[in-house]
Amino acid sequence: MKILTGAQIRELDKYTIEHEPIASIDLMERSARAICNAICEQWTQSTPIVVFAGPGNNGGDALAMSRMLAEKGYVVDVFLFNIHNHLSEECAKNRDRIIGEGLVRKFTEITANFEPPQLTEKTLVVDGLFGSGLKEPLTGGFASLVKYINQSPSQVVSIDIPSGLMTESNRPQEEPAVVKANVTLTLHIKKLAMFFADCQQYLGEVRTLDIRLSKYFIDTFPSLYDTIETSYIKSLMLKRDDFAHKGSMGNALLIAGSRGMAGAAILASKACMRSGAGKVTALTPHCNLNIMQMAVPEAICLVDRENYYSEAIDTDCYQAVGIGPGLGKEESTALALMSQLQQTNCPIVLDADALNMLGAHGSWVQQLPNNMIMTPHPREFDRLAGRRITSDYDRLTFARDMARDLCAYIILKGHYSALCLPDGGVVFNTTGNSGMATAGSGDVLTGIITALLARGYSRKNACLMGMYLHGMAGDIAAKRVGKESLIASDIIDSLPEAFKNLEK
Ligand SMILES: NC(=O)C1=CN([C@@H]2O[C@H](COP(=O)(O)OP(=O)(O)OC[C@H]3O[C@@H](n4cnc5c(N)ncnc54)[C@H](OP(=O)(O)O)[C@@H]3O)[C@@H](O)[C@H]2O)[C@@H](O)CC1
Ligand SMILES: Nc1ncnc2c1ncn2[C@@H]1O[C@H](COP(=O)(O)OP(=O)(O)O)[C@@H](O)[C@H]1O
Ligand SMILES: [K+]
C-alpha cells in the first residue's frame, strides 16, 4: 500500500470528490459514519462522550460523527473551537446541522474563553481538533487543551491522526503539544508518521478505516513511500530447477566474528544456509574455527591468522559477500574491510561493525563503491551519517539522500524496517514483532540477504524478500515460543516455515 504525504492526501480527497463524483460534505458523512461505527464497536451507549472539534475538516468529521452518535442514543457533549471566527465550509455546515437536529446533550462553540469539562475515567474523549491540515506545532490555548486531555484519566480516540502530530516530520519538542490517543482511527491510508518509533507514544492502536477514496488515484499517483505486499513478495520467488546442484544455487561468503563473537558468525552462517544458498563459506578468526565447525557443519570455514579479520581475501568464486556481524573494530580490520570492498565485484551486504568502522572513518563512506547494501539500526546509521539525528523522519530523509548519493540500498532497521533505494524510493516492511528485539536478530538478517543475493535475486529484491522473510520468521517464532523468550536462533528455526508460506 502506498503512503501519501498530507499534501497528496488533500489531492486524493479532491480527486475523489471530482471523479467519483461525490460532494465534499457527503465524503465527510462517509468518513464520519466509518468513525462512528468504529466507536460503537468498542464503546456502548453507557459511555459519556466528550468531543473536541477544531475549525477545519477534521473538526467537520468530529461534528458529523457527534450527530451520528447522538442519533444512536449516545450522550455527547461537543466543544467546537472557533477562536479566529473562521470555520471550513464543511465544518460550518456540520455545526448548523448539529444545532438544527439538537440531539447532542450539549453544544458549545468557543470563540474566546474555554471552561474545560470534567473528564473522568468513564468518559471517552474524541479528538477531532486537527488532522492532516496541521501546519505547525500547537501553541497557546490549543497546547493547554492537549495537556488537559493528556492529564485526564479518560480514554482518547483521535480522528485521522492525534492532534498536534504532523503527518510526516515531527521534530523533538521540549513540551510536545500532541494528544496521546488510546486509539487512532486513521482515514483510508496510514500516514508516514505512523511508521516511526518516535511517534508511537501518541498513536495507541492504529485502525485504518476504508472511506473508499479513489483507487485509481492511489494506484497511478507516484509516491516515494510504499509498504511491502505479500503477493508481490510471493511473485518474486525464484523456482528451484529440478536439475539444480549446489554449484548452481549460489556460493555465499560471510566475513564475520572475532574472538568472543563467534555467535554472530554462527547465526549469520546458519541463516544463510537456511535461506537457500548452495554453499556457504565463513571467513573467521582461527580461535573460532572449532566452534564454527561444530555449530554449522554445513558451512566451509576459511581462517584468519589473527583473532579478528585482518586480511582481505580473493572473492572471485562467490556470488555474494556479507560482512560485519561480530567483526570488532581493530584498525587492521578496518583497513582489511576497505581493501575488501575495493577488490570485491559481487553484491555486498554491510552490517554491524562494518558500518561502525565506516562511520569511524567518516571520509570512507563517501568512497564506497556503488550498489552496496547496508543494514544499519538507528545508532549504526547515525555513526555512518557522522551525527546524532534526533527524529526518525530526519533519519529516514538522511538515509534516502545517502542511498541516492551513494547509489546504495540502505535498510534502516526497526519495527517497520525501511529500505531506501538508489532511485529515492522507500519501502517499509510490515512483518516482524518486538520479540525480535534480541541480540543476534540483525546477524540473521545479514545471513538471509547474503543467501538471497547468492541465489540470484537482484539487490532490491534480495532486500525486500530478506526483510519480509526475516520478519515473518520472527512472527512464526513468536507464535511458537512467545515474544519474551524469543532468541535469534528461533528466527532461523522458523525460516523453513516462512519460505513454505511464500511458496503457497
Ligand atoms: N473532504 C475532505 O477534504 C475530507 C477531509 N477529511 C478530514 O479532513 C482533515 C483535514 O482537514 P483540513 O485540511 O481542513 O485540516 P485540519 O486538520 O482540520 O486543520 C485545518 C485547520 O487547522 C488550522 N491550523 C493549522 N495548523 C494550525 C496550528 N498550528 N494551530 C492552530 N490552527 C492551525 C487551519 O487554520 P488556517 O491555516 O486555515 O488558518 C485550519 O483551520 C483530515 O484529517 C480528515 O479528518 C476526511 O473527512 C476525508 C474527506
Ligand atoms: N520491535 C521490533 N519489531 C520488529 N522487528 C524488530 C523489532 N526489534 C528488532 N527488530 C528486528 O530485529 C533486527 C535487529 O537488528 P540489530 O539491532 O542489528 O540486532 P543485533 O545487532 O543484535 O543483531 C532488525 O532486523 C529489526 O528490524
Ligand atoms: K485529530
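Residues numbered from 1 in each chain as written. Chains lettered and ligands numbered in written order. Predicted model: local features only at pLDDT ≥ 70, side-chain atom pairs only at ≥ 80, totals over all residues.

Caption draft 1: Summary view of the overall build of the chain. Secondary structure summary: the chain contains 19 helices and 18 strands in total. Here the C-alpha coordinates of the chain stretch approximately 85 × 50 × 40 Å along the principal axes. Within the chain, buried positions represent 51% of all 504 residues. Across the chain, the fraction of contacts at a sequence separation of at least 24, relative to all contacts at a separation of at least 6, is 73%. (Helix = DSSP H or I, 4+ residues; strand = E, 2+ residues; numbered from the N terminus. Buried ≥ 20, exposed ≤ 12 C-beta atoms within 10 Å, placed from the backbone. Contact = placed C-beta atoms within 7 Å.)

Caption draft 2: Region of the structure containing the site of ligand 1. Close to ligand 1 lie 25 residues, the nearest being Gly56, Asn57, Asn58, Gly131 and Gly133. Looking at the shell around ligand 1, the elements that each hand over two or more residues are α2 (24-42) and α3 (57-71). For the shell around ligand 1, a count of residues per class yields nine nonpolar, 11 polar and five charged. (Near = placed C-beta within 6 Å. Nonpolar A, V, L, I, M, F, W, Y, C, P; charged D, E, K, R; others polar.)

Caption draft 3: Quick look at α3. Between its first and last C-alpha, α3 extends 21 Å over 15 residues, near the 21 Å set by a 1.5 Å rise per residue. For α3, the tally of buried residues reaches 14 of 15 residues, placing the bulk of the element in the interior. Directly after α3, the chain includes Gly73, whose backbone phi takes a positive value near 95 degrees. (Expected span 1.5 Å × (residues − 1).)

Caption draft 4: Broad picture of the sheet that holds strand β8 (residues 205-209). Across the sheet, which stays open at both edges, the seven strands sit in the order β4-β3-β2-β5-β6-β7-β8 with parallel pairing between neighbours. Two strands close off the open sheet at either side, each with one partner strand: β4 (106-110) and β8. Direction aside, the axes of adjacent strands within the sheet are offset by 15 degrees on average. As paired elements, strand β3 (residues 76-81) and β4 share five bridges and run parallel to each other. What sits directly across from Asp77, in β4, is Lys106. (Pairing = 2+ DSSP bridges. Axes fitted to C-alpha atoms, helices over the stretch in contact; angles between N-to-C directions.)

Caption draft 5: Seen up close, the nonpolar core. Val51, Val78, Ala252, Leu254 and Leu419 are the most contacted members of the largest nonpolar core, which totals 160 residues. Sort the elements by how many residues they give to this core and helix α17 (residues 459-481) lands first, with 12 residues. A domain split of this core shows at least three residues from each of domain 1 (2-223) and domain 2 (230-235 + 247-503). In this view, Val78 contacts Val51, Ala53, Leu63, Ser66, Ile98, Val104, Lys106, Phe107 and Thr108; residues no more than four positions away in its chain are not counted. (Core = buried A, V, L, I, M, F, W, Y, C linked by C-beta atoms within 7 Å. Domains from an automatic or database assignment.)

Caption draft 6: Here's a closer look at the domain arrangement of the chain. Examined at the domain level, the chain breaks down into domain 1 (2-223) and domain 2 (230-235 + 247-503). If you average the C-alpha positions of domain 1 and of domain 2, the two centres end up 41 Å apart. Taken residue by residue, the interface counts nine residues in domain 1 and eight residues in domain 2. Broken down by class, the residue content of the side of domain 1 that touches domain 2 amounts to four nonpolar, two polar and three charged.

Caption draft 7: The arrangement of the environment of Arg404 in detail. Inspection of the secondary structure puts Arg404 in helix α15 (residues 392-406). Through-space distance from the C-alpha of Arg404 to that of Ile25 is 42 Å; in sequence the pair is 379 residues apart. Those residues in contact with Arg404 that lie beyond four places of it in its chain are Pro422 and Gly424.

Caption draft 8: Representation of the site of ligand 2. The environment of ligand 2 is formed by 18 residues, the closest being Gly432, Ser434, Ala437, Ser441 and Gly442. The element contributing the most residues to the shell around ligand 2 is helix α16 (residues 441-455), with four residues. Per-class residue counts for the shell around ligand 2 are five nonpolar, 11 polar and two charged.

Caption draft 9: The arrangement of unusual backbone geometry in detail. With omega at -20 degrees, the peptide bond leading from Glu20 into Pro21 counts as cis. For Pro21, the position within the fold is in the loop between α1 (6-19) and α2. Here Asp160, not a glycine, exhibits a phi torsion of approximately 70 degrees, which is positive. Tracing the backbone shows Asp160 in the loop between β6 (155-159) and β7 (183-187).

Caption draft 10: View of the packing of α3 against helix α4 (residues 89-101). For the pair α3 and α4, interaxial distance at closest approach is 8 Å and the crossing angle is 20 degrees. Relative to α4, α3 is oriented roughly parallel. Seen along the crossing, α3 lies across α4 with a hand that is left-handed. Contact residues: Asn57, Gly59, Gly60, Leu63, Ala64, Ser66 and Arg67 in α3; Glu90, Cys91, Asn94, Arg95, Arg97, Ile98 and Glu101 in α4. (Parallel < 35°, antiparallel > 145°, perpendicular 65-115°, else oblique. Left-handed = near helix turned anticlockwise from the far one by under 90°.)

Caption draft 11: Molecular detail of the environment of Thr5. Assignment of secondary structure puts Thr5 in the loop between β1 (2-3) and α1. Once you skip the residues sitting within four places of it in the chain, Thr5 turns out to touch Thr167, Glu168 and Leu192.

Caption draft 12: Examining the packing of helix α9 (residues 262-273) against α16 more closely. Put simply, α9 and α16 touch, their axes get as near as 7 Å, and they point 40 degrees apart. Note that α9 runs across α16; the crossing there is right-handed. Taking contact as the criterion, the partners of Ala264, Leu267, Ala268, Ser269, Lys270, Ala271 and Cys272 in α9 are, on α16, Asp443, Val444, Thr446, Gly447, Ile448, Thr450 and Ala451. Residues that form the contact of α9 with α16 fall into these classes: eight nonpolar, four polar and two charged.

Caption draft 13: Geometry of the sheet that holds strand β17 (residues 418-420). One open sheet accounts for 11 strands, arranged β1-β9-β18-β17-β16-β15-β14-β13-β10-β11-β12; its pairing is mixed. For this open sheet the edge positions go to β1 and β12 (300-304), each flanked by a neighbour on one side alone. Here β17 pairs with strand β18 (residues 426-428) via three bridges, running antiparallel. In the sheet register, Cys420 faces β18, and the bridge partner there is Val426.

Caption draft 14: Fine view of the pairing of β6. Within β6, four of the five residues are buried, leaving the element largely enclosed by the surrounding structure. In this structure, strand β5 (residues 124-128) lies alongside β6, joined through four bridges in parallel fashion. Its bridge partner lying in β6, Asp127 is registered against Ser158. Considered for its hand, the β-α-β crossover made up of β5, helix α5 (residues 140-151) and β6 is right-handed. For β6 and β7, the ladder comprises three bridges, and the chain directions are parallel. The residue bridging Val157 from the neighbouring strand is Val183, located in β7. (Right-handed = clockwise from strand over helix to strand, strands pointing away.)

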